[in-house]
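Single-letter residue listing:
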Amino acid sequence: MLTENLLAAARAARIRAYAPYSRFPVGAALLTDEGAVVTGANIENASPGMTVCAERAAVMSAVHAGYRRFKKIAIVADCSPPPAPCGACRQVLWELAGHIEIIMGNLEDERIIKSLPELLPQPFGADRWSDNPVSDALFEAEEGWRLPVSFHPVGYVANDFNDPDQIPKNYKDLLSRIVIAPEFEEGLYRIEEEERINIISYLHRAGSYTLKGKRPGRGNQVYGVFVCRAPSRPNAIAQTTVDLVERKKNILTVRGADLAHGTPVLDLKTVMPDR
Ligand code: THU
């Protein structure tokens, strides 16, 4: 995970701060060992001592989601120099995240990187008074697969249809562009040799789902959601096979995508010839 991406996640998380008193929104993004990113923002209270900082909001969400091992945390606020975690957050991070890297950033792209032990020398930890091992119930119960998975889009779809409902019925002829983020451009090496590619995308406009419903193109017949291609499903992931028309640097022109403008692209894969 690039430092840049973790900082971008913290910047995005900052937008959802609840900071009416200080008007100082802070965002945090915590990277787990598994590669997931869990975010948080400061949540204030009219009783000021009840305020929770962005870093603690992130680490507590992550622990509750079942994550136990962490690599880094990015923290972003609109101040220079960038914000350093408060003493309370350093203490909580030490217990729940241990030796992590702390990436402090701001909106001007200044950054300071330190390790948590640098920010909290001589920490006070549970090892000082307890021999109880910290329980890892989720993994012990082999329920680790229930953990949420987070992806970082590698690009997005660009066309004239902001609303998925506007996409024409004859979308098989529709040209779209797939804009791949510059840091992933090298991953397109030799894609020109492919006639068709699979786009794996996240249908960010999909609504709530039901497990059974009408299957498009099959009249009133009812099918399970896993027997349909409907966008509204437990994980709104789409797989779309398109013709590759052209590549210019990090931008692909493709034909036949029924994807709205701005749809995040998670992955591109080659098409198996006979399957
Ligand atoms: N705050 C954080 O969320 N993280 C920090 O590292 C420093 C301070 C919040 C708490 C409060 O809502 C606001 O910033 C002003 O202190």
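Nothing here was measured: the structure is a model prediction, and the numbers come from that model. (Residues numbered from 1 in each chain as written. Predicted model: local features only at pLDDT ≥ 70, side-chain atom pairs only at ≥ 80, totals over all residues. Heavy atoms only, no water.)

Novice: Can you walk me through the packing of aromatic side chains in this structure?
Specialist: Centre-to-centre distance and the angle between the planes together describe a pair of aromatic rings. Counted under the stated rule, the structure contains 0 aromatic pairs. Taking NZ or CZ as reference, R215 lies 4.7 Å from the ring centre of Y223, over its face. (Phe/Tyr/Trp six-rings, centres within 6.5 Å; stacked < 30°, edge-to-face > 60°. Lys NZ or Arg CZ within 6 Å of the ring centre and 35° of its normal.)

Novice: Just checking my understanding: could you explain the pattern of salt bridges for this structure?
Specialist: Pairing between side chains becomes possible if they bear opposite charge and their charged atoms approach one another. Scanning the model with the defined rule gives 6 salt bridges in all. Of the charged contacts, one joins R111 and E4 as a salt bridge, the two residues approaching to 2.6 Å between their closest N and O atoms. Residue R111 is found in strand β5 (residues 111–115), and its partner E4 is found in helix α1 (residues 3–14); the two are separated by 107 residues along the sequence. Classification of R111 by relative accessible area gives partly exposed; the value is 32%. A salt bridge links R255 to D243; the shortest N-O distance between them is 3.7 Å. With a gap of 12 residues between them, R255 in strand β12 (residues 251–255) and D243 in strand β11 (residues 237–248) connect regions that are remote in the sequence. R255 gets classed as partly exposed once you look at its relative accessible area, which sits at 32%. (Salt bridge = Lys/Arg side-chain N within 4 Å of Asp/Glu carboxyl O. Helix = DSSP H or I, 4+ residues; strand = E, 2+ residues; numbered from the N terminus. Buried < 20%, exposed > 50% of the residue type's maximum accessible area, 1.4 Å probe, protein only.)

Novice: For this particular structure, what's the right way to read the sheet that holds β11?
Specialist: Two pairing modes exist for strands in a sheet, parallel and antiparallel, and in both the strands are linked by backbone hydrogen bonds. If you trace the 6 strands once around the closed barrel, you get β6-β7-β12-β11-β8-β13, paired in antiparallel fashion. In this sheet, adjacent strand axes meet at a mean angle of 45 degrees when their direction is disregarded. With 2 bridges joining them, strand β6 (residues 155–158) and strand β13 (residues 264–270) adopt antiparallel strand pairing. Counterpart to G155 in the pairing with β13 is V265. (Pairing = 2+ DSSP bridges. Axes fitted to C-alpha atoms, helices over the stretch in contact; angles between N-to-C directions.)

Novice: How should I be thinking about the sheet that holds strand β4 (residues 101–105) in this particular structure?
Specialist: Within the open sheet, the 5 strands sit side by side as β2-β1-β3-β4-β5. Their pairing is mixed. Two strands bound the open sheet, and with one partner strand each, they are β2 (37–41) and β5. Across the sheet, the mean angle separating the axes of adjacent strands is 15 degrees when strand polarity is ignored. For strand β1 (residues 26–32) and strand β3 (residues 70–77), the ladder comprises 7 bridges, and the chain directions are antiparallel. Across the sheet, the residue bridging to L30 is I73, located in β3. Sheet strands in contact with helix α2 (residues 54–64) are β1, β2 and β3, and its direction is about 140 degrees off that of β2. (Contact = heavy atoms within 4.5 Å.)

Novice: Help me out: how do you make sense of the site of the ligand in this one?
Specialist: The local shell around the ligand consists of S22, F24, V26, N42, E44, T51, C53, A54, E55, A84, P85 and C86. In the environment of the ligand, an oxygen atom lies 2.4 Å from a nitrogen or oxygen atom belonging to the side chain of E44. A distance of 2.9 Å separates an oxygen atom of the ligand from a polar atom in the backbone of A54. Residue classes in the shell around the ligand are distributed as 7 nonpolar, 3 polar and 2 charged. (Near = heavy atom within 4 Å. Polar contact = N/O pair within 3.5 Å; in protein donor to acceptor, adjacent residues only side chain to side chain. Nonpolar A, V, L, I, M, F, W, Y, C, P; charged D, E, K, R; others polar.)

Novice: Looking at this structure, how should I read the domain arrangement of the protein chain?
Specialist: One widely used convention gives an interface's size as the accessible area the parts lose upon coming together. As far as domains go, the protein chain holds domain 1 (3–146) and domain 2 (155–270). Put simply, the middle of domain 1 and the middle of domain 2, counted by C-alpha atoms, are 34 Å apart. (Domains from an automatic or database assignment.)

Novice: Help me understand helix α3 (residues 87–97) in this model?
Specialist: Because an α-helix packs 3.6 residues into every turn, residues spaced three or four apart end up facing the same way. Every buried residue of α3 is accounted for by C89, R90, V92, L93, W94 and A97. Where α3 is buried, its residues touch α2, β3, β4 and α4 (116–119). One or two positions beyond α3, positive phi appears at G98, with a value near 65 degrees.

Novice: What is the right way to look at the nonpolar core in this model?
Specialist: One broad trend across soluble globular proteins is that nonpolar side chains are buried collectively. Counting residues in each nonpolar core, the largest one holds 25 residues, and the members touching the most others are I73, I100 and I102. Elements that contribute at least two residues to this core include exactly β1, α2, β3, α3, β4 and α4. Other than its neighbours up to four places away in sequence, I102 contacts I73, I75, P85, L93, I112, I113, K114, S115, L116 and L119. Residues V157, L188, L252 and V254 belong to the second largest nonpolar core, which totals 19 residues. (Core = buried A, V, L, I, M, F, W, Y, C linked by side-chain atoms within 4.5 Å.)

Novice: What is the right way to look at the environment of P48 in this model?
Specialist: Tracing the backbone through its elements, the reader meets P48 in the loop between β2 and α2. Classification of P48 as exposed rests on a relative accessible area of 63%. In sequence terms P48 and Y21 are 27 residues apart; their C-alpha atoms lie 8.7 Å from each other.

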